[in-house]
Amino acid sequence: MVGKKSIGSVIFKVIGYALLVTLGIMSLYPFIVMFMNATRSMEEIRQSALPFWFSDNLGGNWAFLRASEARGAFNAFTGFRNSLIVSSSTTFFALYFSCLTAFALTAYEWRLREPFFAFILAVMMMPGMVGTVGFVEMVWSLGMTNNFIPLVLPAIAAPAVVFFMRQYLRATFTPDIINSARIDGAGEFRIFNQIVLPMMKPAIATQAIFIFVGSWNALFMPSILLNRAELFTMPMMVQTLTGNLYAQELGAIYLGLAMTVLPLFIFYFALSRYIIAGVQLGGVKE
Amino acid sequence: MNKKAKSVNYAKYGYIFSIPFVVAFSLFTMYPLFRTAFMSFTDFAGVAARETGVMNILENPLENYTRLLFENELFQTSMRNTIFMWVINFIPQILLALLLTAWFTSRRTKFKGQGLFKVLFYMPNIITAGSIAFLFSTLFAHFGPVNYLLYDMLGVIPERFQFNQSALASQLIVAFIQFWMWYGYTMLILIAGVLGMNPEIFECAEIDGANGVQQFFYVTLPNLKTILLFVVVTSIVGGLTMFDVPRLFEDGGPRNATHTLSMFIFNQAFGGRFFLNRAAAASMIVFVIVAILSILVFYLLRDKDAAAIKREIRARKRSEKQLEQVRKGVQ
Amino acid sequence: MKKWLVLTLALVAMLAFTACGGNDGGGAAAPPAGGAAPPPAGGAAQPPAGGAVAEVEGGFIVDGQFVRPTGPRGEGVEIIIYGWNDELSTAMERYKEMHPDFLFTFRPVTHFTDWDGSYEIGLNAALLAGGADAPHVFFVEQAFVVNYTQYYFAHHALPYSELLGGDVHPFIERAQIPSFIVDAGTNRQGEVVGLGFQHTGSGFIYRRDLAAQIWGDAYLNDTALMTARIGGGSGNWNAFLTAAADADAAGVSMLSDMEDAWQAIRQSPNPWIQNDRLVIDDQRMSYLDIGKALYQGGFTNVGGTWNDSWFADMSGTGARPVLGFLGPAWLINYVIAGNSGDTYGNWGLVAAPDPFAWGGTWSIVNRAASDEVRAGLAELIYWLKLDTSDTGFLYMFGGGTLYDDSAIDYFLAMDMVSSAVVQDRLSPYLPFLGGQNMAPVFLEAGRTFSSSGWGPFDREINGSFGDWAMAYFRDEMTRDEMLAAFRQEILDTLDIRS
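Engineer: Summarise the overall build of chain B; cite the residues concerned and give the values.
Structural biologist: Within chain B, the regular secondary structure consists of 15 helices and zero strands. In terms of overall size, chain B is more extended than a compact globule, its C-alpha atoms giving a radius of gyration of 26 Å where 331 residues would be expected to give roughly 20 Å. In terms of overall dimensions, chain B has a C-alpha envelope of 90 × 65 × 35 Å along the principal axes. A buried classification covers 53% of the 331 residues belonging to chain B.

Engineer: Lay out the overall build of chain C with the relevant residues and their values.
Structural biologist: A tally of helices and strands in chain C yields 20 helices and 14 strands. Burial status across chain C gives 59% buried among its 498 residues. Long-range contacts, defined here as pairs at least 24 residues apart, represent 75% of the contacts in chain C between residues at least 6 apart. Just so you have it, chain C exposes about 17,800 Å², and 52% of that area is on carbon and sulfur atoms.

Engineer: Break down the packing of aromatic side chains for me, citing the residues and quoting the values.
Structural biologist: For the coordinates displayed, the defined rule picks out 93 aromatic pairs over all chains. Between A:Phe93 and A:Phe97 the ring centres are 6.1 Å apart and the planes differ by 10°, which places this aromatic pair in the stacked class. Taken together, the positions of A:Phe93 and A:Phe97, both in helix α4 (residues 76-107) and four residues apart, correspond to about one turn of that helix. Neither A:Phe93 nor A:Phe97 differs from the other in exposure class; each is buried. The residue whose ring lies beneath C:Arg284 is C:Trp272, and the NZ or CZ to ring-centre distance is 4.4 Å. Of note, C:Lys292 hangs over the ring of C:Tyr472, and the distance from its end group to the ring centre comes to 4.0 Å.

Engineer: Got a sec to walk through the pairing of strand β7 (residues 201-207) of chain C? Specific residues and values, please.
Structural biologist: Consecutive side chains along a regular strand alternate between the two faces of the sheet. Residue and element names in this part refer to chain C. Most of β7 sits out of view: seven of its seven residues are buried. Taken together, the seven bridges between β7 and strand β11 (residues 347-357) define a ladder with antiparallel strand orientation. The partner of Gly203 across the bridge, within β11, is Ala351. Inspection of the sheet shows β7 paired to strand β10 (residues 324-328) by five bridges, in the antiparallel sense. For Ser202, the partnering residue across the bridge sits in β10 and is Pro328.

Engineer: A description of the interface of chain B and chain A should follow, citing residues and the corresponding values.
Structural biologist: Taken together, the contacts link 95 residues of chain B with 99 residues of chain A. Between chain B and chain A the total buried area reaches about 8,900 Å² when both faces are included, carbon and sulfur atoms providing 79% of it. At the boundary of chain B and chain A, one finds five residue pairs in polar contact (both at pLDDT 80 or more). Here the element with the most residues in the side of chain B that touches chain A is helix α1 (residues 11-39) of chain B; it accounts for 20 residues. Grouping the constituent residues of the side of chain B that touches chain A by class yields 66 nonpolar, 18 polar and eleven charged.

Engineer: So, the pairing of strand β12 (residues 361-365) of chain C: which residues are in play, and what are the values?
Structural biologist: All names here are of chain C. Counting buried residues along β12, five of its five residues qualify, which places the element largely inside the surrounding structure. Judged by which residues are buried, β12 turns out to be covered on both faces: Thr361, Ser363 and Val365 on one side and Trp362 and Ile364 on the other are all buried. Where strand β5 (residues 137-141) and β12 come together, five bridges link them in antiparallel fashion. Each bridged residue has a counterpart across the sheet, and for Phe139 the counterpart in β12 is Ser363. Pairing of strand β6 (residues 194-196) with β12 involves three bridges; the strand directions are antiparallel. When the sheet's bridge partners are listed, Gly194 is paired in β12 with Ile364.

Parameters at a glance
Residues numbered from 1 in each chain as written. Chains lettered and ligands numbered in written order. Predicted model: local features only at pLDDT ≥ 70, side-chain atom pairs only at ≥ 80, totals over all residues. Heavy atoms only, no water. Helix = DSSP H or I, 4+ residues; strand = E, 2+ residues; numbered from the N terminus. Rg over C-alpha atoms; globule rule 2.2 N^0.38 Å. Buried < 20%, exposed > 50% of the residue type's maximum accessible area, 1.4 Å probe, protein only. Contact = heavy atoms within 4.5 Å. Areas by Shrake-Rupley, 256 points an atom, 1.4 Å probe, with all protein chains shown as cover. Phe/Tyr/Trp six-rings, centres within 6.5 Å; stacked < 30°, edge-to-face > 60°. Lys NZ or Arg CZ within 6 Å of the ring centre and 35° of its normal. Pairing = 2+ DSSP bridges. Buried area = accessible area lost by both parts, 1.4 Å probe. Polar contact = N/O pair within 3.5 Å; in protein donor to acceptor, adjacent residues only side chain to side chain. Nonpolar A, V, L, I, M, F, W, Y, C, P; charged D, E, K, R; others polar.

On their own, these measurements won't tell you what the molecule is for.
Below, the structure written as structure tokens:
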């Protein structure tokens, strides 16, 4: 890098860092608020909504949540377990089948290939809301309420993920990669699973975060399709806290919210090195 | 590009591996979509309809549509609100994301701690809409921190501002929440796109003497078109179906200021008198709008060079075929 | 290697959720087209695993008296309860403690929020879906009770008489439940399908110390003076507004928010919808004048309700001290008392300018409930609504003796109950009110109040009117514009013309 330290570039850097730090604080602060308020009591929060440091009422808030659990309303572990099941399954289905479809669109030459891709693009434009009414009707008439299947199986068809994977594959895939496996007599499906999928790890990791988060935070569909408390997902559990107007135990509510976010944080930070390293939609050629 | 070295045998795998997608899509998206579409032309409404499941096509099948578009002011308001809040959210979002992308992929200026920043900027996307709505409600409450800052500490306003009674303030807050939640995601996608570009083109530009700004505008951006397309389209779709945040923040705001299209559809279908047919018609209208906008975006961002090359290839193939036929005919 | 791990995990996850998400498989049975009352959609009837279901000839009512079964009953039978809070489901647990042979179990579904209509949406979805997960008993509040007793969902409600196997009207008369509660719970065939347990007659709950600050020390203990001062029971709000001006001059806000007044004024004897048209009667129209006077005079703190500003006003720590709130006993016990801070004990109660009733919880039994479930519900419903004995829910709830566990604090206060006979035996002298007995004021409010003005879309229409009215109060719209906008919104959302 040519080192020309002019005043202009220094000023630029200063402004740049100022902006970045501001954005960073802006992005981070609501989380800090949430975690700090989770340790404060209701009275403290009433007095000053913005915390500056942690307090000592974590135990009290936790006790309140346990009491709510005992009364059958809020149950953190059930919500967590259910969300984990639904989100993991959704992520798995979306990733696996999107990769498979992207593979079909890239590795093979078939007549309907381009029209099919155009179709997928078109589908990507379709807002989910459009089919919601019809989808809910269908689930009701099939009697599949209180069942995770209608929440998970639709993830098999995830047009946006297919698009992303296809872009990645187009840039990184050459037939040579699989030709030797074919000569050895490996079936196409095995080739996909053993050669192509590992190749797509960075793209998978990035999309995994997006899909998992999206599924974890979904509130509308589960609310309509699930009414047995033992099946509630985490966001639904949080609803039981924020929705009860009579007893706004603010500290406990924040603790519940923090508990919802915590698993996501862990998952996110586990995969975040891919974000830092930067997912390249195309490798460097030659 | 893919070499045409595969034999025809393998083509069938293209079809086979696409089957799961097609099946799932037909079942979970196409079928409900057709159901919704059909519903929009019927009288399917009310509790009685839901229980008997009977749908009768209306005498004037387009009645639901015409009444929505021309007579239903709440629908029109929702449309305006949704578009307004989306534009206010998206323009700053894409600009900021592009700026950050430029900074984080620049070859000339390196910012330290990029990794940390990237991680931080994406974090708002993790949180549930419900939690965010709750947090922001408390932030902008009558005795909340924002008022505390403006009124008690800085004294810049004469009295505590009622955020939830001001239409404009509510809309701006909702737009800001959306911006806050998504700018990191947009940035990451754009960075992924830039990293995928061939570094040679950047090197060429450097040799030609282009500085950072010029590089960004003349090299990076044009090559980013496909990814930009992806981002804009998914943002349009997401924006037009904004539901969780406006609903949980102020439930539509004062005088329906933050009432969005999705909320309108939701309330029509699941509240009040269960106008499922009208909700379906509104959904179809949203679909058409999104399709038109997407096609427009497609057209604007199309890769003109690639299209030209394709056309040339096709033209050449055609002339080759004609030559073949002539030769065959001669023989 | 790793891939197989991932696949195995996924497989395990799938198995796990298929095991968890028990699919009922039984969809809602389609009722005969055009039939008036659809047959009960067959819920999955579970035969009692052990213990006999007590058989009582002719139901639970014998010779006009309720006969409680004895012996172990209801083992293995689960009752699905829908509510927006766990108030009543907790009370039902108490019944189980009191009657150890009552072996039914409860599945409370209480996660839906009430203030944004989510509860109704969830309830409706569950009722319409039917099957084994449909609610067996559900609670509805005043804002939408008639939807489920008289209008769109009324055919899902099982008449109490059918549930108990005998006519319940004599019980209601003996208990002296006011007509506004019974009427709202009576369907169009004249059968009682729901009853409330709370008496929600309302008055003006005010701070005595502030009243004294404004009008003199005599107001510390004399409620008659206060009643005259605000025109309590007079039927018009002129005196109230004059008093508001006095308060304002002394630096006190009369009410916390305009919504407080709207909650009172909108309780008109005429429904919003008459002959399929939206009608704004004079009483509701008067809110525009009263509210405007309150707003422009600065007589309220204008912070909204059910939020931090409202709660802060209950302890006087809001923008300005607030003189009082308009509401019933539950507002005192469940809301104000807990938020009143240091002001606890300095409050008083007088009649509102226009006595009204606000709120209440009606219990409705789903027709689709199986016979086994009905057997359990019969006992519970009787205990909750019609039992006037000292061990009945009404007496214990009203007396604050249902629980003595301080974690369930809302059962510790004395409350107003529906049955006048029971209320007579209770003398709710509230420490919160400085020892004042709250019954006379509230009972008087409920005596002449008629719930005939409650209609199917009250929650939506009231909300809309209140919202648009604010635009008028803030001078963002003229009165005519505001009314036109309101009418247009009702037309847009509910397709009801004016």
